[in-house]
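Single-letter residue listing:
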Amino acid sequence: ERRDISSIVGYSLSWDKRNDPIRPTRGFELGFSQEASGLGGDVFYLRTEAVGTVYRGIWRDFIASLKLAGGYVSAFNDDDLRINNRFFKGGNSFRGFDVAGIGPRDIFKEYDLEGNVIDTRRANRNSALGGKMYAIGTAELTVPNFLPEEYGIKTSLFTEFGTVGLLDDEDKTPTQIYEITDDDGNVTGYTMLETADETSLRAAAGISIFWDSPFGPIRFDFSQILAKEEYDRTETFRFSTSTQF
């Protein structure tokens, strides 16, 4: 059994110029962070992340915001980047996609004898491998609340777009090929187990409802997928706790 020891040191910087920390209508906030592992341990990596959000009141209670976030992690000292140190996105971090729903994943591809792909499917539900890089943008428009303020309900329209990926070859699952035969033992095609790592754009749009309920703040997300890879895990509804009010 392999056991690794991580010794991590890091820092973060922030710059907040919002006019209100709870419900900003103008201004911006920026964040930058880094963490390094390897001082005294046997896990070596450097992780860097940055995020920026700008807010703008448009008219009355219409508030627009644009958030851009990105990150990159890489191993050093001839170490391998372990799966638990990679980026996994989806769920609350990318609405419209399940938790760890986008990014590199082990898949099965089925081919006929001419080499045409006839089927693609995930190797299993938990086949996500995480990525070395992510870049995600969120455009959101908070709309006026047509219910009395005491109901504690706010609504926003959103679109999210971005990607996760860029694994090194050594981090991918070695390709495996299996023959497909008929009842007489004749080969009719083959199935290939491989790692899909397409950094193509994923995107979703939808509506979020925030409710300051008696049990605490919660959020309902209703999403429509605009762009995805066929092996991604998507979702049209998510219920979660929230601190955005």
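Residues numbered from 1 in each chain as written. Predicted model: local features only at pLDDT ≥ 70, side-chain atom pairs only at ≥ 80, totals over all residues. Heavy atoms only, no water.

Details of the sheet that holds strand 10 (residues 187-196)
Item 1. In space, the 4 strands of this open sheet follow the order 6-5-10-9, with antiparallel pairing throughout. The open sheet terminates on both sides in strands that have one partner only, identified here as strand 6 (117-122) and strand 9 (176-181). Each strand axis lies, on average, 25 degrees off the axis of its neighbour in the sheet, ignoring direction.
Item 2. Judged from the 5 bridges that link them, strand 5 (residues 105-112) and strand 6 form a sheet pairing that is antiparallel. Opposite Phe-108, over in strand 6, you have Arg-121 as the bridge partner. (Pairing = 2+ DSSP bridges. Helix = DSSP H or I, 4+ residues; strand = E, 2+ residues; numbered from the N terminus. Axes fitted to C-alpha atoms, helices over the stretch in contact; angles between N-to-C directions.)

A short note on the packing of aromatic side chains
What characterises a pair of aromatic rings is the spacing of the ring centres plus the angle enclosed by the ring planes.
Item 1. Tallied over the full model, the rule gives 10 aromatic pairs.
Item 2. Seen from their ring centres, Tyr-11 and Phe-32 are 6.4 Å apart, and the 45 degrees between their planes marks the pair as tilted. With Tyr-11 in strand 1 (residues 8-16) and Phe-32 in strand 2 (residues 26-37), this residue pair connects regions lying 21 residues apart in the sequence.
Item 3. Ring centres of Phe-220 and Phe-239 lie 5.5 Å apart, and the angle between their planes is 50 degrees; this geometry places the pair in the tilted category. Placement of the pair is Phe-220 in strand 12 (residues 216-227) and Phe-239 in strand 13 (residues 237-241), with a sequence separation of 19 residues.
Item 4. Classification of Phe-220 as partly exposed rests on a relative accessible area of 22%.
Item 5. Judged by its relative accessible area of 48%, Phe-239 is partly exposed. (Phe/Tyr/Trp six-rings, centres within 6.5 Å; stacked < 30°, edge-to-face > 60°. Buried < 20%, exposed > 50% of the residue type's maximum accessible area, 1.4 Å probe, protein only.)

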